[in-house]
Amino acid sequence: MLSYLHSFHAGNFADVLKHSISIHILQYLGEKPKPFFYLDTHAGVGAFSLTKGESQKTQEYLNGIAKLWNLSPAEQAKLAPLTGNYLQLIQRFNESESLQTYPGSPWFAMELMNQPDRLNLFELHPREFKTLLTNIRGDRRIKAFQKDGFHACLSQLPPKERRGYVLMDPPYEVKQDYDTAVESLIAAHKKFATGTYALWYPVVDRYRIKKLEKAFINSGVKNIQLFELGIQDEREPGMTASGMIVINPPWTLMKAAKQALPPLAILLAGKNGSFRCEQLVAE
Ligand SMILES: C[S@@+](CC[C@H](N)C(=O)[O-])C[C@H]1O[C@@H](n2cnc3c(N)ncnc32)[C@H](O)[C@@H]1O
């Protein structure tokens, strides 16, 4: 199908959650002086303009990153570390007083990984892949593949480093993506059981998410956590919330998310804001 373009959605409330959690995982792995491997199954283009093109048509970033960017310095200093670390990286990426651009998931890994670390990126869309190649140009740690990330990622596992993080961020253009994502992660976990995995999901139809959670609960995979951030009543149409399901999370993640998500939900959506921080499957 391949009609989804993330540039319409860059920096929205879903990206705030996805990238905050992803950054925490990358920072945790980067603390040890040992190399690790990053695999992005649906990498996108790596960088997005917020001042022109698709993002100006939807302006979704106004309900996401812009709400953090526009806080006063005193308010920003009071943000929970999970949120504050995320905002600092967006500020670093922009290198300007105003919010103009937004980084994609590969950039966070490029920024937070050390010199010997390795990154593998998968992006299937021909034009998006070309732009991705331009955006990662010159970084020798990266290999990018124009392949189906759900299946092709398996050939890269287990990584020789024996430490790694796999981010799976599908577009869910086709409903089959929900089942394919679970199957792919379970297969990846079989090959590399000690890796950390994160799956992003949208809440458009709660029934699908309940089914997704059940599939993980019944998978036999241990130590799974779930984080969700909502900005609208679920009876409203469209994406009202989104979440991350994390297998083998850093032991620090639950505490950091429990501190960050309640105030973040209020900041982004006032009384309509909601959050979940749950241990879906015990260790
Ligand atoms: C949600 S976007 C990714 C956003 C990116 N992870 C980020 O956070 O900046 C999903 C991307 O997956 C790509 N895509 C769709 N199907 C794919 C597949 N089977 N394998 C790899 N990439 C795919 C789309 O072209 C799109 O760029």
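Here's a quick rundown of the structure. It should be emphasised that the depicted structure is a prediction, and the values quoted were computed from it without experimental measurement.

Attention now moves to the site of the ligand. Inspection of the region around the ligand gives 18 residues, with His42, Gly44, Gly104, Ser105 and His125 positioned closest. Split into classes, the residues belonging to the shell around the ligand amount to seven nonpolar, seven polar and four charged.

What follows covers the packing of helix 5 (residues 81-94) against helix 11 (residues 253-269). Put simply, helix 5 and helix 11 touch, their axes get as near as 7 Å, and they point 75° apart. Here helix 11 runs roughly perpendicular to helix 5, going by the angle between their axes. For the pair helix 5 and helix 11, the contacting residues are Pro81, Leu82 and Thr83 in the first and Ala256, Ala257, Gln259, Ala260 and Leu264 in the second. Tallied by class, the residues present in the contact of helix 5 with helix 11 amount to six nonpolar, two polar and no charged.

To continue, consider the sheet that holds strand 7 (residues 196-203). Remark on secondary structure: sheet strands pair via backbone hydrogen bonds, oriented parallel or antiparallel. Sheet architecture is open: eight strands sit in the order 5-4-1-6-7-9-8-10, paired in mixed fashion. The strands lining the two open edges of the sheet, one partner per strand, are strand 5 (142-145) and strand 10 (274-281). For this sheet, the mean inter-axis angle between neighbouring strands, taken without regard to orientation, is 15°. Relative to strand 5, strand 4 (residues 118-122) runs parallel, the two being bridged by four bridges. Its bridge partner being in strand 5, Asn120 is matched across the sheet by Lys143. Each of strand 7, strand 8 (224-230), strand 9 (241-247) and strand 10 is contacted by helix 10 (residues 206-217), which is oriented at about 25° to strand 10, the strand it contacts most.

Looking now at helix 6 (residues 105-112). Quick reminder: α-helices carry 3.6 residues per turn. Residues three or four places apart thus point the same way. The element helix 6 is extensively covered by neighbouring structure, given that six of its eight residues are classed as buried. Along helix 6, the positions that sit buried rather than exposed are Ser105, Pro106, Trp107, Phe108, Ala109 and Met110.

Moving on, we come to the pairing of strand 7. Judged by how many residues are buried, strand 7 sits mostly within the fold: seven of eight residues are covered. Looking at chain direction, strand 6 (residues 164-168) and strand 7 are connected through four bridges and run parallel. Paired with Met168 across the strands is Leu199, a residue of strand 7. With helix 9 (residues 176-191) bridging strand 6 and the parallel strand 7, this β-α-β connection has right-handed handedness. Summarising the sheet, strand 7 and strand 9 pair through seven bridges and their orientation is antiparallel. Looking across to strand 9, one finds that Ala198 is bridged to Val246.

Parameters at a glance
Here, residues in each chain are numbered from 1, in the same order as that chain's written sequence. Selection of residues for local features in this predicted model requires a pLDDT of at least 70, selection of side-chain atom pairs for listing and counting requires 80 or more, and totals for whole chains, interfaces and linings are taken over all residues. The criterion for a residue being near a molecule or strand is a backbone-placed C-beta atom within 6 Å of that molecule or strand. Classification convention: Asp, Glu, Lys, Arg as charged; Ala, Val, Leu, Ile, Met, Phe, Trp, Tyr, Cys, Pro as nonpolar; all other residues, Gly among them, as polar. In this analysis, axes come from line fits to C-alpha atoms, helices being fitted only over the stretch in contact, and the angle between any two N-to-C directions falls in the range 0 to 180 degrees. Put simply, DSSP H or I for four residues or longer makes a helix, DSSP E for two residues or longer makes a strand, and each gets a number counted from the N terminus. Angle categories are assigned with fixed cut-offs, so that under 35 degrees is roughly parallel, over 145 is roughly antiparallel, 65 to 115 is roughly perpendicular, and the rest are oblique. We call two residues in contact when their backbone-placed C-beta atoms lie within 7 Å. Here the rule is simple: two strands pair whenever DSSP picks up at least two bridges between them. Each residue is classed by its C-beta neighbour count within 10 Å, where at least 20 other C-beta atoms makes it buried, 12 or fewer makes it exposed, and intermediate counts make it partly exposed; the C-beta atoms are placed from backbone geometry. Think of it like this: strands point away, you trace from the first strand over the helix to the second, and a clockwise trace means the crossover is right-handed.

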